[in-house]
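Each chain, letter by letter, is given below.
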Amino acid sequence: MKNGIAALLVEDHSSEARERIEQLAWQATHDPVTHLLNRQRFIQLLDNAIEEATQTQSHHALCYLDLDHFKAINSICGYSAGDRLLYQVAELWRSEISALSFCVSHCLGRIGDNAFGLLLHNCDIERAVEIANRLEAAIQAFRFLYDAKIFSVGVSIGLTPIAGQQIIGKQISTEQALQLADRACSDAKRKGGNRVQLCYHNNDTLEQQRADSQWFSRITQALDNHEFVLYEQAIATTGIASDSIELCEILLRLQETGSSEVISPLAFLPPAERYNLMPKIDRWVIQSMFAYLANSPPSPSKLYSINLSGSSINDDSFIGFLKEQLQIHAVDTRSLCFEITETVAIANLQQAADFILELKNLGCYFALDDFGSGMSSFSYLRHLPVDFLKIDGTLVREAASDHITCAMLEAINRVGHVMQLKTIAEYVENQPILNKVQELGIDYVQGFAIQRPQRLI
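Everything numeric here is computed off the predicted structure, so don't read it as measured data.

Bringing the overall build of the protein chain into the picture now. Secondary structure assignment for the protein chain yields 18 helices and 17 strands. Residue pairs at least 24 apart in sequence account for 72% of intrachain contacts in the protein chain once pairs closer than 6 positions are excluded. Looking at the protein chain as shown, the accessible area adds up to about 22200 Å², and 50% of this sits on carbon and sulfur atoms.

Below, the discussion takes up the packing of helix α2 (residues 39–56) against helix α7 (residues 174–190). Direction vectors running N to C along α2 and α7 enclose 105°, while the axes themselves pass 9 Å from each other. Classed by the angle they form, the pair α2 and α7 counts as roughly perpendicular. Counting all contacts with α2, which are made through Arg39, Ile43, Leu46, Asp47 and Ile50, the residues of α7 involved are Thr174, Ala177 and Leu178. Classifying every residue of the contact of α2 with α7 gives five nonpolar, one polar and two charged.

Now for the packing of aromatic side chains. The final tally for this structure, using the stated rule, is 11 aromatic pairs. Ring centres 6.3 Å apart and planes at 90° place the aromatic pair phenylalanine 355 and phenylalanine 366 in the edge-to-face group. A residue pair is termed long-range when its members are at least 10 positions apart, and phenylalanine 355 in helix α14 (residues 349–361) and phenylalanine 366 in strand β13 (residues 365–371) qualify at 11 residues. Each member of the pair phenylalanine 355 and phenylalanine 366 is classed as buried. Taking 6.3 Å as the distance between ring centres and 50° as the angle between the ring planes, the aromatic pair formed by tyrosine 365 and phenylalanine 388 counts as tilted. Of this pair, tyrosine 365 sits in strand β13 while phenylalanine 388 sits in strand β14 (residues 388–391), and the two are 23 residues apart along the sequence. Tyrosine 365 sits in the partly exposed class, given a relative accessible area of 28%. Every member of this aromatic cluster is reached through a ring pair, and the members are Trp215, Phe228, Phe268 and Trp284. Of note, arginine 283 hangs over the ring of phenylalanine 321, and the distance from its end group to the ring centre comes to 4.6 Å. Here arginine 452 stacks its cationic end above the ring of phenylalanine 448, 4.0 Å away from the centre of that ring.

The next thing to look at is unusual backbone geometry. Not every positive phi belongs to a glycine, and histidine 35 is a case in point at roughly 65°. Residue classification places histidine 35 among the partly exposed residues on the basis of a relative accessible area of 37%.

It is worth spelling out the sheet that holds strand β7 (residues 195–198) at this point. Paired through backbone hydrogen bonds, the strands of a sheet run either parallel or antiparallel to each other. The five strands lie next to each other as β2-β3-β1-β6-β7, forming an open sheet whose pairing is mixed. Every interior strand has two partners, whereas the edge strands, β2 (106–110) and β7, have only one. Each neighbouring strand pair of the sheet contributes to a mean axis angle of 20°, computed without reference to strand direction. Note: strand β6 (residues 154–163) against β7, four bridges, orientation parallel. Note on β7: the bridge partner recorded for isoleucine 157 is valine 196. Sitting on the sheet, α2 is in contact with β1 (59–68), β2, β3 (115–120) and β6, with an inclination near 30° to β3. In the packing of helix α5 (residues 125–141) onto the sheet, contacts are made with β1, β3, β6 and β7, and the angle to β6 comes to roughly 165°.

For the protein chain, the mean per-residue pLDDT works out to 86, and 89% of the residues sit at or above 70. With pLDDT under 50 throughout, residues 165–169 is counted as low confidence; its partners more than four residues away or in other chains account for 13 contacts.

Inspection of the entire model under this criterion finds 18 salt bridges. A salt bridge links glutamate 227 to arginine 218, with the shortest nitrogen-to-oxygen separation between them at 2.6 Å. An identical accessibility class is assigned to glutamate 227 and arginine 218; each is buried. In this structure, lysine 390 engages glutamate 339 in a salt bridge whose closest nitrogen and oxygen atoms are separated by 2.9 Å. Here the residue lysine 390 occupies a position in strand β14, and glutamate 339 occupies one in strand β12 (residues 336–341), the gap between them amounting to 51 residues. No difference in accessibility class separates lysine 390 from glutamate 339, as the two residues are buried. Connected via shared salt-bridge partners are Glu249, Glu339, Lys390 and Glu426.

Definitions and cut-offs
- Residues numbered from 1 in each chain as written.
- Predicted model: local features only at pLDDT ≥ 70, side-chain atom pairs only at ≥ 80, totals over all residues.
- Heavy atoms only, no water.
- Helix = DSSP H or I, 4+ residues; strand = E, 2+ residues; numbered from the N terminus.
- Contact = heavy atoms within 4.5 Å.
- Areas by Shrake-Rupley, 256 points an atom, 1.4 Å probe, with all protein chains shown as cover.
- Axes fitted to C-alpha atoms, helices over the stretch in contact; angles between N-to-C directions.
- Parallel < 35°, antiparallel > 145°, perpendicular 65-115°, else oblique.
- Nonpolar A, V, L, I, M, F, W, Y, C, P; charged D, E, K, R; others polar.
- Phe/Tyr/Trp six-rings, centres within 6.5 Å; stacked < 30°, edge-to-face > 60°.
- Buried < 20%, exposed > 50% of the residue type's maximum accessible area, 1.4 Å probe, protein only.
- Lys NZ or Arg CZ within 6 Å of the ring centre and 35° of its normal.
- Pairing = 2+ DSSP bridges.
- pLDDT = per-residue confidence, 0-100.
- Salt bridge = Lys/Arg side-chain N within 4 Å of Asp/Glu carboxyl O.

In structure tokens form, the structure reads like this:
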């Protein structure tokens with residue numbers, strides 16, 4: 001009898017140990033919030049899929065899914081709400097995928113804060129697009145309820161095929177496949193979100209990846225070694241504005257190693273955005289500019305305009321960083337103007353408005369850049385407490401030669417003045433354009449016809 005009890009106790013203990021081992025194994029491969037595969041396990045399975053495609057010429061598909069407006073919900077309701085939203089989205093997608101009878105096998109994982117990966121095995125691109133559209137539609141119909149508030153959520157989906165014939169000879173790695181899907185997702189987000197964007201493997205995309213990888217290293221080196229340089233470009237008054245503010249924009253350049261050549265931001269800013277290096281660049285610019293102003297205090301009427309990226313607008317810690325730098329360098333906030341593009345502002349209107357208001361409460365000015373690049377401009381403008389309206393250069397360039405463009409400029413300028421905003425025409429490159437924008441009554445002008453950028457730091 002005693003032996004029988006002992007055997008049962010051993011068996012119970014062994015069962016507990018097995019359950020504990022299984023629990024630890026599950027925790028090692030799954031995300032605790034969504035209960036999906038974690039990033040490490042998902043990448044292992046993606047490795048296996050790429051190797052299989054190479055050896056057997058099979059076809060798979062990789063989706064990179066990034067939730068739109070997630071950060072806004074996090075900032076409004078807190079991180080517990082964000083976690084609950086992630087779990088509900090994971091359950092929704094798990095249910096949707098299981099209901100698709102034509103979907104063979106799949107792996108769904110959480111691979112970032114609000115990013116998910118979906119690997120579809122033995123799935124051609126047409127079927128993958130159908131599945132991705134189904135998941136996007138499910139999110140469109142989904143409503144998140146928290147603390148008596150209802151939120152709608154969107155998703156941007158990047159999709160790339162993983163096929164044997166595309167991999168052979170091109171050395172497609174797991175990292176490259178993720179980058180391709182991530183880039184397609186970013187393209188979908190730039191186009192307004194709530195859509196599926198395809199990206200195929202080809203020599204051009206691989207070359208772009210290699211170039212981006214080199215830029216990542218180069219930009220990191222430039223930040224570490226202070227190889228960026230700052231230029232200024234004057235913004236001149238046309239005599240329309242009654243004040244005597246002296247404006248200039250601060251421009252970023254990169255000094256080529258070992259030479260006097262200066263690299264245009266058009267070369268390094270796009271890869272910096274893709275590799276999420278813009279927050280570091282923005283902070284470098286602010287630290288460098290504030291240190292300069294501390295050593296060379298400007299005249300009371302001079303205003304320096306500094307560009308900020310969308311990443312900084314969405315960074316909850318950025319305002320704290322900015323306040324800290326203002327204290328360290330004792331900069332007069334009345335000499336500072338910050339610029340964000342219309343596209344960035346519209347992408348997250350409430351957060352942008354709150355951000356602008358907080359900086360204005362510190363005494364800074366604010367400008368909305370590239371205004372007119374989006375045709376919904378007027379409806380959004382009244383929600384943004386800006387001081388200056390910088391009219392998109394693609395419109396200004398046509399001012400002297402196209403009467404329709406000229407009428408658009410006139411309308412923008414009139415609405416800006418009704419809202420008591422100062423207007424600035426960008427890309428004023430020659431005298432005919434300058435004459436036309438002056439005739440239209442625009443307050444300030446910027447471009448080569450006024451001054452070419454000059455080295456500041």
